[in-house]
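So you can see what is in the structure, the chains are spelled out below.
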Amino acid sequence: MNYLRRIDWIMRSYNVAVVGATGAVGNEMISILEERNFPVKTLTLLASERSLGKELEFRGKKHPVKVLGEHSFEGVEIGLFSAGGSISQKFAPIAAAAGCVVIDNTSAFRYEPDIPLVIPEVNPEKIAEYRRRGIIANPNCSTIQMVVVLKPIHDVARIKRVVVSTYQSVSGTGKKAMEELAEQTRAIMNFQDPVAKVYPYQIAFNCLPHIDVFLENGYTKEEMKMVWETQKIMGDDSIAVTATTIRVPVFRAHSESVNIETEKKITAKEAKEVLSRAPGIVVVDNPGKREYPLAIHAVGKDETFVGRIREDTSIVNGLNLWIVSDNLRKGAALNAVQIAEILFRDYLK
(Lines give C-alpha, C1' and ligand atoms only; values in the text may rest on other atoms or scores of the structure.)
Protein backbone atom coordinates (compact mmCIF):
# COMPACT_ATOMS: atom_id res chain seq x y z
CA MET A 1 0.00 0.00 0.00
CA ASN A 2 2.80 2.42 0.89
CA TYR A 3 4.52 1.47 -2.35
CA LEU A 4 1.41 2.36 -4.35
CA ARG A 5 1.16 5.73 -2.61
CA ARG A 6 4.81 6.34 -3.45
CA ILE A 7 4.11 5.64 -7.15
CA ASP A 8 1.10 8.00 -7.07
CA TRP A 9 3.31 10.71 -5.57
CA ILE A 10 5.95 10.26 -8.25
CA MET A 11 3.37 10.33 -11.06
CA ARG A 12 1.47 13.38 -9.78
CA SER A 13 2.15 16.63 -11.61
CA TYR A 14 0.89 20.16 -11.02
CA ASN A 15 -0.38 23.21 -12.86
CA VAL A 16 2.10 25.95 -12.00
CA ALA A 17 2.01 29.69 -12.63
CA VAL A 18 4.94 32.12 -12.41
CA VAL A 19 3.83 35.71 -11.78
CA GLY A 20 6.45 38.23 -12.84
CA ALA A 21 7.88 35.66 -15.24
CA THR A 22 9.93 38.15 -17.28
CA GLY A 23 11.76 39.64 -14.28
CA ALA A 24 15.14 38.54 -12.95
CA VAL A 25 13.65 36.35 -10.21
CA GLY A 26 10.88 35.07 -12.48
CA ASN A 27 13.46 33.95 -15.04
CA GLU A 28 15.36 32.19 -12.29
CA MET A 29 12.21 30.44 -11.05
CA ILE A 30 11.57 29.01 -14.50
CA SER A 31 15.17 27.79 -14.79
CA ILE A 32 15.11 26.16 -11.35
CA LEU A 33 11.79 24.42 -12.01
CA GLU A 34 13.47 22.81 -15.00
CA GLU A 35 16.81 22.10 -13.31
CA ARG A 36 15.17 20.35 -10.37
CA ASN A 37 12.71 18.47 -12.58
CA PHE A 38 9.75 19.89 -10.70
CA PRO A 39 6.60 17.92 -11.63
CA VAL A 40 5.03 20.61 -13.82
CA LYS A 41 1.95 19.55 -15.75
CA THR A 42 1.25 22.95 -17.27
CA LEU A 43 3.25 26.16 -16.88
CA THR A 44 1.49 29.53 -17.05
CA LEU A 45 3.73 32.57 -17.41
CA LEU A 46 2.18 35.83 -16.23
CA ALA A 47 3.36 39.42 -16.36
CA SER A 48 2.15 42.93 -17.18
CA GLU A 49 0.87 44.09 -20.57
CA ARG A 50 4.40 45.29 -21.39
CA SER A 51 5.46 41.65 -21.72
CA LEU A 52 2.58 40.57 -23.93
CA GLY A 53 3.95 38.80 -27.01
CA LYS A 54 7.12 37.59 -25.33
CA GLU A 55 7.96 33.90 -25.11
CA LEU A 56 10.14 32.10 -22.57
CA GLU A 57 11.64 28.65 -22.90
CA PHE A 58 10.86 25.79 -20.54
CA ARG A 59 11.93 22.20 -21.20
CA GLY A 60 12.81 22.94 -24.78
CA LYS A 61 9.50 24.59 -25.68
CA LYS A 62 8.50 28.21 -26.05
CA HIS A 63 5.76 29.36 -23.66
CA PRO A 64 3.86 32.61 -24.29
CA VAL A 65 3.75 35.24 -21.57
CA LYS A 66 0.17 36.12 -20.70
CA VAL A 67 -1.20 39.26 -19.09
CA LEU A 68 -1.94 38.84 -15.39
CA GLY A 69 -5.64 39.17 -14.63
CA GLU A 70 -8.30 38.15 -12.16
CA HIS A 71 -9.06 34.94 -14.06
CA SER A 72 -5.45 33.86 -14.56
CA PHE A 73 -5.52 31.22 -11.81
CA GLU A 74 -8.37 28.97 -12.86
CA GLY A 75 -7.00 25.42 -12.60
CA VAL A 76 -3.61 26.60 -11.26
CA GLU A 77 -2.45 24.68 -8.18
CA ILE A 78 0.84 26.40 -7.28
CA GLY A 79 1.65 30.06 -7.92
CA LEU A 80 5.16 31.48 -7.63
CA PHE A 81 4.84 35.26 -7.25
CA SER A 82 7.64 37.77 -7.84
CA ALA A 83 6.12 40.85 -9.45
CA GLY A 84 6.17 43.42 -6.65
CA GLY A 85 4.30 43.90 -3.39
CA SER A 86 1.31 45.78 -4.79
CA ILE A 87 0.71 43.05 -7.39
CA SER A 88 0.88 40.37 -4.71
CA GLN A 89 -1.46 42.32 -2.43
CA LYS A 90 -4.08 42.35 -5.17
CA PHE A 91 -3.67 39.00 -6.90
CA ALA A 92 -2.40 36.56 -4.25
CA PRO A 93 -5.78 36.48 -2.42
CA ILE A 94 -7.53 36.07 -5.80
CA ALA A 95 -5.26 33.14 -6.64
CA ALA A 96 -5.76 31.57 -3.21
CA ALA A 97 -9.54 31.89 -3.54
CA ALA A 98 -9.28 30.00 -6.85
CA GLY A 99 -7.58 27.08 -5.08
CA CYS A 100 -3.98 28.01 -5.93
CA VAL A 101 -1.36 27.87 -3.17
CA VAL A 102 0.67 31.07 -3.47
CA ILE A 103 4.38 31.24 -2.62
CA ASP A 104 5.05 34.96 -2.56
CA ASN A 105 8.53 36.43 -2.94
CA THR A 106 7.55 40.00 -2.00
CA SER A 107 7.25 41.63 1.41
CA ALA A 108 3.45 41.90 1.06
CA PHE A 109 2.57 39.17 3.57
CA ARG A 110 5.75 38.43 5.52
CA TYR A 111 4.71 40.13 8.73
CA GLU A 112 1.13 38.93 8.90
CA PRO A 113 0.80 36.52 11.85
CA ASP A 114 -1.43 34.01 10.05
CA ILE A 115 0.88 33.62 7.03
CA PRO A 116 3.97 31.39 7.39
CA LEU A 117 7.40 32.85 6.59
CA VAL A 118 9.52 29.90 5.53
CA ILE A 119 13.10 28.83 4.90
CA PRO A 120 13.01 25.05 4.24
CA GLU A 121 16.31 24.38 6.03
CA VAL A 122 15.10 26.28 9.10
CA ASN A 123 11.33 25.98 9.69
CA PRO A 124 9.77 23.64 7.09
CA GLU A 125 7.03 22.64 9.53
CA LYS A 126 5.50 26.10 9.11
CA ILE A 127 4.50 25.23 5.53
CA ALA A 128 1.50 23.38 6.97
CA GLU A 129 0.05 26.76 7.97
CA TYR A 130 -0.61 27.63 4.30
CA ARG A 131 -4.11 26.25 4.83
CA ARG A 132 -5.10 29.37 6.76
CA ARG A 133 -5.04 31.74 3.79
CA GLY A 134 -3.50 29.77 0.94
CA ILE A 135 -0.34 31.89 0.99
CA ILE A 136 3.26 31.20 2.05
CA ALA A 137 5.74 34.07 2.26
CA ASN A 138 9.32 33.88 1.03
CA PRO A 139 11.70 35.87 3.27
CA ASN A 140 13.95 38.70 2.14
CA CYS A 141 17.08 37.56 0.30
CA SER A 142 19.50 38.98 2.87
CA THR A 143 17.57 37.36 5.71
CA ILE A 144 17.49 33.93 4.08
CA GLN A 145 21.24 33.47 3.70
CA MET A 146 21.93 34.78 7.20
CA VAL A 147 19.32 32.68 9.00
CA VAL A 148 20.30 29.50 7.13
CA VAL A 149 23.70 29.89 8.81
CA LEU A 150 22.49 31.17 12.18
CA LYS A 151 19.94 28.41 12.86
CA PRO A 152 22.44 25.53 13.38
CA ILE A 153 24.44 27.71 15.77
CA HIS A 154 21.29 28.84 17.58
CA ASP A 155 20.28 25.21 18.09
CA VAL A 156 23.47 24.40 20.00
CA ALA A 157 24.42 27.68 21.68
CA ARG A 158 21.34 29.98 21.51
CA ILE A 159 22.01 33.31 19.82
CA LYS A 160 21.31 36.40 21.94
CA ARG A 161 22.36 39.19 19.57
CA VAL A 162 23.17 39.67 15.89
CA VAL A 163 25.00 42.60 14.28
CA VAL A 164 24.97 42.36 10.50
CA SER A 165 26.29 44.54 7.67
CA THR A 166 25.24 43.50 4.18
CA TYR A 167 26.93 44.09 0.84
CA GLN A 168 24.08 43.54 -1.59
CA SER A 169 24.34 43.19 -5.36
CA VAL A 170 22.31 45.29 -7.77
CA SER A 171 20.35 42.25 -9.00
CA GLY A 172 18.40 42.58 -5.77
CA THR A 173 16.80 45.66 -7.33
CA GLY A 174 16.13 43.98 -10.67
CA LYS A 175 17.15 43.90 -14.31
CA LYS A 176 17.12 47.68 -14.76
CA ALA A 177 19.60 48.08 -11.91
CA MET A 178 21.93 45.51 -13.47
CA GLU A 179 21.72 47.38 -16.76
CA GLU A 180 22.42 50.67 -14.98
CA LEU A 181 25.58 49.30 -13.36
CA ALA A 182 26.81 48.06 -16.73
CA GLU A 183 25.99 51.36 -18.46
CA GLN A 184 27.61 53.47 -15.75
CA THR A 185 30.73 51.30 -15.79
CA ARG A 186 31.05 51.69 -19.57
CA ALA A 187 30.51 55.44 -19.29
CA ILE A 188 33.17 55.92 -16.62
CA MET A 189 35.69 53.75 -18.46
CA ASN A 190 35.11 55.94 -21.52
CA PHE A 191 35.55 59.17 -19.51
CA GLN A 192 31.84 60.02 -19.70
CA ASP A 193 29.51 61.10 -16.92
CA PRO A 194 27.44 58.21 -15.52
CA VAL A 195 23.66 58.64 -15.45
CA ALA A 196 21.75 57.52 -12.33
CA LYS A 197 18.11 56.55 -12.85
CA VAL A 198 17.43 53.47 -10.74
CA TYR A 199 19.43 54.58 -7.71
CA PRO A 200 19.62 58.11 -6.26
CA TYR A 201 23.38 58.17 -6.85
CA GLN A 202 25.96 56.52 -9.06
CA ILE A 203 26.36 52.84 -8.14
CA ALA A 204 29.37 52.02 -10.34
CA PHE A 205 32.59 52.20 -8.30
CA ASN A 206 30.52 53.29 -5.30
CA CYS A 207 28.65 51.95 -2.25
CA LEU A 208 25.22 53.19 -1.20
CA PRO A 209 24.25 52.80 2.49
CA HIS A 210 20.61 52.99 1.50
CA ILE A 211 18.34 50.08 0.48
CA ASP A 212 14.56 50.65 0.47
CA VAL A 213 12.94 53.63 2.21
CA PHE A 214 14.08 55.30 5.43
CA LEU A 215 11.88 54.83 8.50
CA GLU A 216 11.31 57.15 11.45
CA ASN A 217 13.87 55.29 13.57
CA GLY A 218 16.65 56.12 11.08
CA TYR A 219 16.90 52.57 9.75
CA THR A 220 15.87 51.62 6.24
CA LYS A 221 13.03 49.19 5.70
CA GLU A 222 15.53 46.66 4.33
CA GLU A 223 17.41 46.80 7.64
CA MET A 224 14.27 46.37 9.70
CA LYS A 225 13.17 43.47 7.50
CA MET A 226 16.20 41.57 8.75
CA VAL A 227 15.16 42.25 12.34
CA TRP A 228 11.48 41.31 11.97
CA GLU A 229 12.03 38.32 9.70
CA THR A 230 14.87 36.78 11.71
CA GLN A 231 12.77 36.80 14.87
CA LYS A 232 9.69 35.40 13.13
CA ILE A 233 11.54 32.62 11.29
CA MET A 234 13.60 31.61 14.34
CA GLY A 235 10.48 31.76 16.49
CA ASP A 236 12.28 33.85 19.11
CA ASP A 237 11.49 37.56 19.59
CA SER A 238 14.20 37.83 22.23
CA ILE A 239 17.00 37.63 19.64
CA ALA A 240 18.33 41.18 19.29
CA VAL A 241 19.18 42.09 15.69
CA THR A 242 20.66 45.29 14.28
CA ALA A 243 21.50 45.70 10.60
CA THR A 244 23.18 48.06 8.16
CA THR A 245 22.39 47.24 4.53
CA ILE A 246 24.60 48.50 1.72
CA ARG A 247 24.23 48.32 -2.06
CA VAL A 248 27.53 47.57 -3.78
CA PRO A 249 28.62 47.51 -7.45
CA VAL A 250 28.34 43.73 -7.79
CA PHE A 251 25.97 42.26 -10.37
CA ARG A 252 24.88 39.17 -8.47
CA ALA A 253 25.25 37.48 -5.04
CA HIS A 254 24.99 39.16 -1.64
CA SER A 255 27.71 39.14 1.02
CA GLU A 256 27.26 39.71 4.75
CA SER A 257 29.51 40.39 7.71
CA VAL A 258 27.75 38.91 10.74
CA ASN A 259 28.72 39.19 14.40
CA ILE A 260 26.80 37.08 16.91
CA GLU A 261 26.74 36.78 20.66
CA THR A 262 25.63 33.44 22.07
CA GLU A 263 24.32 32.38 25.47
CA LYS A 264 26.58 29.31 25.54
CA LYS A 265 30.22 29.39 24.52
CA ILE A 266 30.90 27.93 21.07
CA THR A 267 34.41 28.02 19.64
CA ALA A 268 35.24 28.78 16.03
CA LYS A 269 36.26 25.15 15.54
CA GLU A 270 32.97 23.91 16.98
CA ALA A 271 31.01 26.35 14.84
CA LYS A 272 32.77 25.11 11.71
CA GLU A 273 31.91 21.52 12.60
CA VAL A 274 28.26 22.38 13.26
CA LEU A 275 27.93 24.35 10.03
CA SER A 276 29.68 21.67 7.98
CA ARG A 277 26.94 19.22 8.94
CA ALA A 278 24.04 21.62 8.31
CA PRO A 279 21.88 21.38 5.16
CA GLY A 280 22.37 23.92 2.40
CA ILE A 281 25.66 25.26 3.78
CA VAL A 282 29.22 25.01 2.46
CA VAL A 283 32.05 26.07 4.76
CA VAL A 284 34.92 27.73 2.88
CA ASP A 285 37.40 28.71 5.55
CA ASN A 286 41.14 28.25 5.11
CA PRO A 287 42.88 31.61 5.65
CA GLY A 288 46.31 30.06 5.14
CA LYS A 289 45.36 29.27 1.55
CA ARG A 290 43.29 32.46 1.14
CA GLU A 291 40.11 30.42 0.89
CA TYR A 292 36.93 32.24 1.86
CA PRO A 293 33.53 32.79 0.21
CA LEU A 294 33.39 35.20 -2.73
CA ALA A 295 30.36 36.60 -4.53
CA ILE A 296 31.75 35.59 -7.92
CA HIS A 297 31.98 31.97 -6.78
CA ALA A 298 28.44 31.88 -5.39
CA VAL A 299 26.74 32.94 -8.64
CA GLY A 300 24.56 30.15 -9.99
CA LYS A 301 25.06 28.00 -6.89
CA ASP A 302 22.29 26.74 -4.63
CA GLU A 303 24.29 26.64 -1.42
CA THR A 304 24.97 29.35 1.13
CA PHE A 305 28.69 29.78 1.73
CA VAL A 306 30.24 30.75 5.05
CA GLY A 307 33.83 31.49 6.06
CA ARG A 308 36.11 33.80 8.05
CA ILE A 309 34.67 32.03 11.11
CA ARG A 310 36.51 33.38 14.13
CA GLU A 311 35.91 34.19 17.76
CA ASP A 312 35.13 37.78 18.67
CA THR A 313 38.00 38.97 20.85
CA SER A 314 35.90 41.78 22.36
CA ILE A 315 33.33 39.57 24.15
CA VAL A 316 33.35 36.14 25.81
CA ASN A 317 30.72 34.36 23.69
CA GLY A 318 31.06 35.96 20.29
CA LEU A 319 31.66 34.83 16.71
CA ASN A 320 32.32 36.61 13.43
CA LEU A 321 31.11 35.13 10.14
CA TRP A 322 31.26 36.03 6.45
CA ILE A 323 28.23 34.73 4.53
CA VAL A 324 27.75 34.73 0.75
CA SER A 325 24.89 33.47 -1.41
CA ASP A 326 23.30 33.96 -4.82
CA ASN A 327 20.41 36.29 -4.01
CA LEU A 328 18.41 35.31 -7.10
CA ARG A 329 18.65 31.61 -6.29
CA LYS A 330 18.67 30.75 -2.57
CA GLY A 331 17.71 34.32 -1.76
CA ALA A 332 14.56 34.15 -3.88
CA ALA A 333 13.71 31.64 -6.62
CA LEU A 334 15.30 28.50 -5.18
CA ASN A 335 13.82 29.05 -1.72
CA ALA A 336 10.37 29.39 -3.31
CA VAL A 337 10.77 26.21 -5.37
CA GLN A 338 12.06 24.31 -2.32
CA ILE A 339 8.91 25.35 -0.46
CA ALA A 340 6.83 24.12 -3.41
CA GLU A 341 8.67 20.79 -3.36
CA ILE A 342 7.81 20.22 0.29
CA LEU A 343 4.29 21.42 -0.39
CA PHE A 344 3.58 18.81 -3.07
CA ARG A 345 5.53 16.09 -1.29
CA ASP A 346 3.84 16.41 2.09
CA TYR A 347 0.60 18.34 1.67
CA LEU A 348 -0.87 18.39 -1.85
CA LYS A 349 -2.24 15.00 -2.81
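How each quantity is defined
- Each chain carries its own residue numbering, running from 1 in the written order of its sequence.
- Confidence filtering applies because this is a predicted model: local features only for residues at pLDDT of at least 70, side-chain atom pairs given and counted only at 80 or more, and all residues used for totals across whole chains, interfaces and linings.
- To obtain the side-chain values, all non-hydrogen atoms of the structure were included, while hydrogens and water were left out.
- Put simply, DSSP marks the helices as runs of H or I at least four residues long and the strands as runs of E at least two long, and each gets a number from the N terminus on.
- Classification of residues uses two cut-offs on accessible area relative to the type maximum, computed with a 1.4 Å probe and protein chains only: under 20% is buried, over 50% is exposed, and between them is partly exposed.
- Each residue gets a pLDDT score, which is the predictor's confidence in that residue and runs from 0 to 100.
- Any two residues whose heavy atoms approach within 4.5 Å at even a single point are treated as in contact.
- In summary, the charge assignment counts Lys and Arg as positive and Asp and Glu as negative, without counting His or the chain termini.
- The salt bridge criterion pairs a side-chain nitrogen of Lys or Arg with a carboxyl oxygen of Asp or Glu, the two atoms within 4 Å.
- Strand pairing requires that DSSP identify at least two bridges connecting the strands.
- Comment: axis = line fitted to C-alpha atoms, over the contacting stretch for helices; angle = value between 0 and 180 degrees taken between N-to-C directions.
- Given a helix with a known number of residues, its expected span is that number minus one, times 1.5 Å.
- Exposure above 30% relative accessible area and the lack of any salt bridge qualify a residue for a patch; like charges then connect within 9 Å, and the nonpolar side chains Val, Leu, Ile, Met, Phe, Trp and Tyr within 5 Å.
- Using a 1.4 Å probe, the Shrake-Rupley method yields the accessible areas, and only the shown protein chains count as cover for residues.

Focus: unusual backbone geometry
With the exception of glycine, most residues fall at negative phi, and the peptide bonds are largely trans. We note that Phe-191 has phi near 60°; this positive angle belongs to a residue other than glycine. Looking at the element boundaries, Phe-191 is found in the loop between helix H5 (175-189) and helix H6 (221-234). The residue Arg-290 is not glycine, and still its phi comes out positive at about 55°. With respect to the helices and strands, Arg-290 occurs in the loop between strand E11 (281-283) and helix H8 (295-298). According to the relative accessible area criterion, Arg-290 is exposed, its value standing at 68%.

Let's talk about the confidence of the model for the protein
Confidence along the protein averages 95 in pLDDT terms, with 97% of residues attaining 70 or more. In the model, residues 1-9 has pLDDT below 50 throughout and makes two contacts with residues more than four positions away in sequence or in other chains.

Here's the deal with the environment of Val-25
As for its placement among the helices and strands, Val-25 is situated in helix H2 (residues 24-35). Residue class for Val-25 comes out buried when judged on its relative accessible area of 14%. Sequence-wise, Val-25 and Gly-174 are 149 residues apart; in three dimensions their C-alpha atoms are separated by 8.0 Å. When sequence neighbours within four positions are dropped, the list of residues in contact with Val-25 reads Ser-82, Asn-105, Leu-328, Ala-332 and Ala-333.

Some remarks on the side chain of Glu-223
Inspection of the secondary structure puts Glu-223 in helix H6. The side chain of Glu-223 is buried and forms no salt bridge, while Arg-247, the nearest opposite charge, is found at 11 Å.

So, the sheet that holds strand E7 (residues 135-137)
Each strand in a sheet pairs with another by means of backbone hydrogen bonds, the pair being arranged parallel or else antiparallel. What the seven strands build is an open sheet, ordered E3-E4-E2-E1-E5-E6-E7; its pairing is mixed. Either end of the sheet is taken by a strand with one partner, and the two such strands are strand E3 (55-58) and E7. Geometrically, the sheet is characterised by an average inter-axis angle of 25° between neighbouring strands, direction not taken into account.

Some remarks on H2
For H2, spanning 12 residues, the distance from its first C-alpha to its last is 17 Å, which sits close to the expected 16 Å at 1.5 Å a residue. Contacts from the buried residues of H2 go to strand E1 (14-19), strand E2 (40-47), E3, strand E5 (78-81), H5 and helix H9 (329-346). Within two residues after H2, Asn-37 carries a phi angle of roughly 50°, on the positive side.

Describing a nonpolar patch on the surface
On the surface, Tyr-292, Leu-294 and Ile-296 cluster together into a nonpolar patch covering about 290 Å² of accessible area. Position of Tyr-292 relative to the elements: it lies in the loop between E11 and H8.

Here's the deal with the sheet that holds strand E12 (residues 304-311)
Pairing within the open sheet is mixed, and its six strands lie in the order E9-E8-E10-E13-E12-E11. Each of the sheet's edge strands pairs with one partner strand only, and the pair in question is strand E9 (240-247) and E11. Taking each pair of neighbouring strands and ignoring which way they run, the sheet shows an average axis angle of 20°. Packed onto the sheet, helix H7 (residues 268-277) meets E11, E12 and strand E13 (318-325) and runs at close to 165° relative to E12.

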